[in-house]
Amino acid sequence: MPYEPPPEIAALSLAELAEAVEARRLPPVERWTPAETGDSHMTIRTDGTWLHDDSPISRPAMVRAFASLLLRDAEGHWLITPVQRLKIEVEDAAFVAVDVIDRDGTLAFRLNTDDIVIAGPENTLIARGDPATPAIYLAVRRGCEARLNRSTYQQLAQIALAKGDDWRVTSQGADFSLVPA
């Protein structure tokens, strides 16, 4: 059965998708050097649920706001503000890719935060795990990644199989294997 993308991204042209990505202005956390370091008491679960002191953050706008402040470095994931650098526990990936569309050879992913990320040389797809149980990740921003949920992985597999049987996809001229090395 062919995949039908949801209306919010199905009707967009590639130029409109790129414009939507560009229009999302994020805080310049990579330029901030806060003096205070601490613990946020926050966790991002594997399923994308955000918790504070083990209680779910139920307001999507709050999750989107916190997600815009995320950065991952060699020490882990952080929420960065101009005055604080707060550790955040991430069980797997900071984001979940919940949808994908292939438009003119370009793959656009929608995340659980409603961000749109276009795969390519700067936002690579990485296959991890083993060939029997692969996990596909998308580089999002500032070292953070999104893990493709099951249905998005299936959508991507259909896109790959429609182009051949080598389990590869291409986006913005970059070629990605869906089989872990």
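The structure this text deals with has already been given above.
In what follows, the accompanying structure is described. (Residues numbered from 1 in each chain as written. Predicted model: local features only at pLDDT ≥ 70, side-chain atom pairs only at ≥ 80, totals over all residues. Heavy atoms only, no water.)

## Focus on the pattern of salt bridges
Summed over all chains, the structure comprises nine salt bridges. Two residues, Glu-30 and Arg-142, come together in a salt bridge whose shortest N-O distance is 2.8 Å. Taken together, the residues Glu-30 in the loop between α2 (14-23) and β1 (36-44) and Arg-142 in the loop between β11 (133-141) and β12 (144-148) connect sequence positions 112 residues apart. When its relative accessible area of 17% is taken as the criterion, Arg-142 is described as buried. The shortest N-O distance in the salt bridge between Arg-168 and Asp-175 comes to 2.6 Å. (Salt bridge = Lys/Arg side-chain N within 4 Å of Asp/Glu carboxyl O. Helix = DSSP H or I, 4+ residues; strand = E, 2+ residues; numbered from the N terminus. Buried < 20%, exposed > 50% of the residue type's maximum accessible area, 1.4 Å probe, protein only.)

## Considerations on a negative patch on the surface
Residues Asp-39, Asp-47, Asp-53, Asp-54, Glu-89 and Glu-91 make up a contiguous surface patch of negative charge. Locating Asp-39 in the fold gives a position in strand β1. What makes Asp-39 partly exposed here is its relative accessible area of 48%. (Patch = residues over 30% accessible without salt bridge, like charges linked within 9 Å, V, L, I, M, F, W, Y side chains within 5 Å. Areas by Shrake-Rupley, 256 points an atom, 1.4 Å probe, with all protein chains shown as cover. Lys, Arg positive; Asp, Glu negative; His and termini not counted. Charge placed at Lys NZ, Arg CZ, Asp CG, Glu CD.)

## Section: unusual backbone geometry
Of note in the backbone geometry, Asp-53 takes a positive phi value of approximately 50 degrees without being a glycine. Here Asp-53 lies in the loop between β2 (50-52) and β3 (55-56).

## Here's the deal with the packing of aromatic side chains
When we look at a pair of aromatic rings, we describe it by the centre distance and by the angle of the planes. Per the stated rule, a full pass over the model turns up one aromatic pair. Considering the side-chain rings of Trp-50 and Phe-66, the 6.2 Å spacing of their centres and the 15 degrees angle between planes classify their relative orientation as stacked. With a gap of 16 residues between them, Trp-50 in strand β2 and Phe-66 in helix α3 (residues 60-67) connect regions that are remote in the sequence. The ring of Trp-78 carries the charged tip of Lys-87 above its face, separated from the ring centre by 5.0 Å. For Arg-128, the ring lying beneath its charged end belongs to Tyr-137, and the centroid distance is 4.6 Å. (Phe/Tyr/Trp six-rings, centres within 6.5 Å; stacked < 30°, edge-to-face > 60°. Lys NZ or Arg CZ within 6 Å of the ring centre and 35° of its normal.)

## Re the side chain of Ser-171
In this structure, Ser-171 sits in strand β13 (residues 168-171). Engagement of the side chain of Ser-171 in a polar contact is seen with the backbone nitrogen of Leu-107, the distance being 2.8 Å. Within the structure, the side chain of Ser-171 is placed 2.6 Å from the backbone oxygen of Ala-119, a separation counted as a polar contact. Ser-171 has contacts with Gly-105, Thr-106, Leu-107, Ala-119, Gly-120, Pro-121 and Phe-176, leaving out every residue within four places of it along the chain. (Polar contact = N/O pair within 3.5 Å; in protein donor to acceptor, adjacent residues only side chain to side chain. Contact = heavy atoms within 4.5 Å.)

## A word on the nonpolar core
In this structure, Phe-109 and Leu-125 are the most contacted members of the largest nonpolar core, which totals 40 residues. Residues in contact with Leu-125, not counting those within four places in the same chain, are Leu-107, Phe-109, Ala-119, Ile-136, Tyr-137, Leu-138, Leu-148, Leu-156, Val-169 and Phe-176. (Core = buried A, V, L, I, M, F, W, Y, C linked by side-chain atoms within 4.5 Å.)

## Notes on the side chain of Glu-145
Turning to its location among the elements, Glu-145 is positioned in strand β12. On the basis of relative accessibility, which here comes to 8%, the residue Glu-145 falls in the buried class. Only 2.8 Å separates the side chain of Glu-145 from the side chain of Arg-128, close enough to count as a polar contact. Aside from chain neighbours lying at most four places away, what touches Glu-145 is Arg-72, Ala-93, Ala-94, Phe-95, Ile-126, Arg-128, Tyr-137, Leu-138, Ala-139 and Val-140.

## Concerning the environment of Ile-159
Among the structural elements, Ile-159 can be located in helix α4 (residues 150-163). It is 7.3 Å that separates the C-alpha atoms of Ile-159 and Val-169, two residues lying ten residues apart in sequence. Apart from residues lying up to four places away in sequence, Ile-159 is in contact with Val-100, Asp-102, Leu-107 and Val-169.

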